[in-house]
Every structure is written in structure tokens, then in C-alpha cells.
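Topology and contacts: notes
Take a look at the letters that make up each chain.
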Amino acid sequence: QVHVEESGGGLVQAGGSLRLSCTASGRTFSSGDMGWFRQAPGKERVFVASIRGTDGRTFYVEPVKGRFTISGDNAKNTVHLQMDSLKPEDTGVYYCAANQFGPLTIAPQANYWGQGTQVIVSS
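The structure displayed is predicted, hence computed values, not measured ones.

1. Quick notes on the sheet that holds strand E1 (residues 3-7)
Reading across from one edge, E1-E3-E8-E7 is the order of the 4 strands in this open sheet, with antiparallel pairing throughout. The open sheet has two edge strands with one neighbour each: E1 and strand E7 (68-73). Strand-to-strand, the axes of this sheet are offset by a mean angle of 15°, without reference to chain direction. As paired elements, E1 and strand E3 (residues 18-25) share 5 bridges and run antiparallel to each other. Among the inter-strand pairings, His-3 is bridged to a residue of E3, identified as Ser-25.

Shown next, in the form of C-alpha cells:
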């Protein structure tokens, strides 16, 4: 019943920027979190960033700190991921995720997933 959909991926040169957007429609979970994960071919899906539904606090994996910014609107169940100073190692399919209760910093904590949007950073 909850539908998660993300957009904004694309092909960009190293050093460039992209902004991803995600909306979770249907059910709303004010006590839950929303966030982003990414997956390269043949690799596991890993955490990137999340924002806490209860207070808006943000969390990031170390490699993206200072380059990525997650923001959200609780009323709209919408989150964005501003990605600056992109590097080739940021390449992958980016998935938006949401849950009913936080935290959301590992994949098994997600209850709902988007279909993914591809990000390719060329060198």
C-alpha cells in the first residue's frame, strides 16, 4: 500500500552534482525514517544517508560526509539527496527506503523500497 518512488539519477562527470528526490505515498509513519542506499553491480546494497522522522536528525556514511546532504519534509513524506563533488566510486543504483520505526542505517531495517535510480560518475 505504501509506494516509494525516487528520481533524479543520471550520468555526470567527476566533480559534478546531482539531486535525487523520493516520495513515499499511501501510508505515513511519523515515527519512522527515510533514507538512501546504493548498490554497484555485483556488490551489496549499502547505507548512504537517512533522516529521522521524529526530529529530522540526519545520518551519513563516512565516505559521503561533506559532499552529500539529505533533507526532508515530514508532511509530504519526501526526501532529497543533494550530491556534490561526485566521484567515480559513487556510481551505482540509488534506492530510497522508508520504515515504520527508526533507525534506518542498514538495509534490513527498511520496510519499503523504491525501484532505484541509476547514478553514473565518469572520470
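2. What to know about the state of the cysteines
Throughout the structure, instances matching the rule amount to 1 disulfide. Here Cys-22 engages in a disulfide with Cys-96; their sulfurs sit 1.9 Å apart. Taking the torsion about the sulfur-sulfur bond, which here is approximately -85°, the covalent link between Cys-22 and Cys-96 counts as left-handed. Here the residue Cys-22 occupies a position in strand E3, and Cys-96 occupies one in strand E9 (residues 92-98), the gap between them amounting to 74 residues. Each member of the pair Cys-22 and Cys-96 is classed as buried.

Conventions we followed
- Residues numbered from 1 in each chain as written.
- Predicted model: local features only at pLDDT ≥ 70, side-chain atom pairs only at ≥ 80, totals over all residues.
- Heavy atoms only, no water.
- Pairing = 2+ DSSP bridges.
- Helix = DSSP H or I, 4+ residues; strand = E, 2+ residues; numbered from the N terminus.
- Axes fitted to C-alpha atoms, helices over the stretch in contact; angles between N-to-C directions.
- Disulfide = S-S within 2.5 Å.
- Buried < 20%, exposed > 50% of the residue type's maximum accessible area, 1.4 Å probe, protein only.

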